[in-house]
Amino acid sequence: MKITIDAKAGFCWGVVRTINITEDSLKKAKNKKTYVLGDIIHNPKEIERLKNLGLETITHYDFERIKDENAQVIIRAHGEPPSTYKKAEELGLNLIDATCPLVTKLQDRIRKHYLEGWQVVIYGKKEHPEVIGLNGVCDNKAIIVTSLEEALKYVDLTKKTILFTQTTMDKRKYFEIRDALQKEVEQFIEAGDIKEQFLAKDSICHFVYSREDNLREFSKNNDVVIFVAGRSSSNGKSLYNICKQENNKCYFIEDLNDIDFSWFDKAETIGITGATSTPQWFLEKVKDFLEEKLIMV
């Protein structure tokens, strides 16, 4: 039996940058407490590792509690709305901004178009921290949709409209929404009911999207695929579904105890892959665990 880790799996560069900033901040903290606002990434194993190094996860409601601690608070890769920075400044909190540069750039683009009078539409998940930050830069007035049906129902195409997307969403669904809204606009123009403009900006992370072809090939080339990710990872769910499309024997796990050894009956090749928030060290741990247990079976 051959067990292989996907060579393209592991952290995206934005997550690597955030983890590096966090580890560096912990080293320099000395006697200062170091907090992160929300889960540093959507992976419980990496959260646990950093907790053991001294990182404590907090929420916005903890700001008042820690204001007098001379602590440092890390803004994670997902970013935050302007209200968070304002509140921290009012309380005198020391923020360390580890927002992914792609997210920062996207926030800037959304803010610019909103101030220019565009109706902002975001294809994304309303409660996702990245989307909360994106919506925040346009006074929480963006129209957030998760499907084509919602886009057609809630977007007023008689207004000058621009479509963006959360960086970890499904690209094919984004294209579906973009093309449908463009078609609706063209029909309005032909009828003489509208002269406004529609723009669509593909803001999906290239690292996430570029993994799709490799994942499809990797899934087809293995009898069984183990997909490792945090259950709350939006990116993980999207990439897992891609694997599942190519191989029905693809199984999602968050921890070692999720593994069912009946999955490997008659399998000759097992592939291990994961989300862009899945640490390489845990993929290696899954591989070592399988090798040890399957030899014993």
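Relevant structure appears above.
This section reports on the structure supplied with the text. Every value quoted in this text rests on a predicted model; they were computed, and no experiment measured them. (Residues numbered from 1 in each chain as written. Predicted model: local features only at pLDDT ≥ 70, side-chain atom pairs only at ≥ 80, totals over all residues. Heavy atoms only, no water.)

### Topic: the pairing of strand β4 (residues 72-75)
Side-chain alternation along β4 places Gln72 and Ile74 on one buried face and Val73 and Ile75 on a second face that is also buried. Summarising the sheet, strand β2 (residues 34-37) and β4 pair through three bridges and their orientation is parallel. Residue pairing for β4: Val36 is matched across the bridge by Ile74. Where β4 lies against strand β5 (residues 94-97), four bridges are found, and the strand directions are parallel. Counted as the bridge partner of Ile75 is Asp97 from β5. For the segment spanning β4, helix α4 (residues 82-91) and β5, crossover handedness is right-handed. (Buried < 20%, exposed > 50% of the residue type's maximum accessible area, 1.4 Å probe, protein only. Helix = DSSP H or I, 4+ residues; strand = E, 2+ residues; numbered from the N terminus. Pairing = 2+ DSSP bridges. Right-handed = clockwise from strand over helix to strand, strands pointing away.)

### So, the pairing of β2
Where burial is concerned, the two faces of β2 agree: the one with Thr34 and Val36 and the one with Tyr35 and Leu37 are both buried. Note on the crossover from β2 through helix α2 (residues 44-52) to strand β3 (residues 55-58): the handedness is right-handed.

### Observations regarding unusual backbone geometry
What is expected of a backbone is that most residues other than glycine have negative phi and most peptide bonds are trans. A positive phi is found at Asn70, a non-glycine position, where the angle reads about 55°. Topologically, Asn70 is positioned in the loop between α3 (63-66) and β4. For Asn70, a relative accessible area of 54% corresponds to the exposed category. Within the chain, Lys266 stands out as a residue other than glycine whose phi angle is a positive 70°.

### So, the sheet that holds strand β8 (residues 161-165)
Strand order in the open sheet made by the four strands is β7-β6-β8-β9, with parallel pairing throughout. Each of the sheet's edge strands pairs with one partner strand only, and the pair in question is β7 (143-145) and β9 (198-200). Each strand of the sheet is rotated relative to its neighbour by a mean of 20°, with strand direction disregarded. Where β8 lies against β9, three bridges are found, and the strand directions are parallel. Bridge pairing in β9 links Ile162 to Leu199. Packed on one face of the sheet, helix α5 (residues 101-115) meets β6 (119-123) and β8 and runs near 165° to β8. (Axes fitted to C-alpha atoms, helices over the stretch in contact; angles between N-to-C directions. Contact = heavy atoms within 4.5 Å.)

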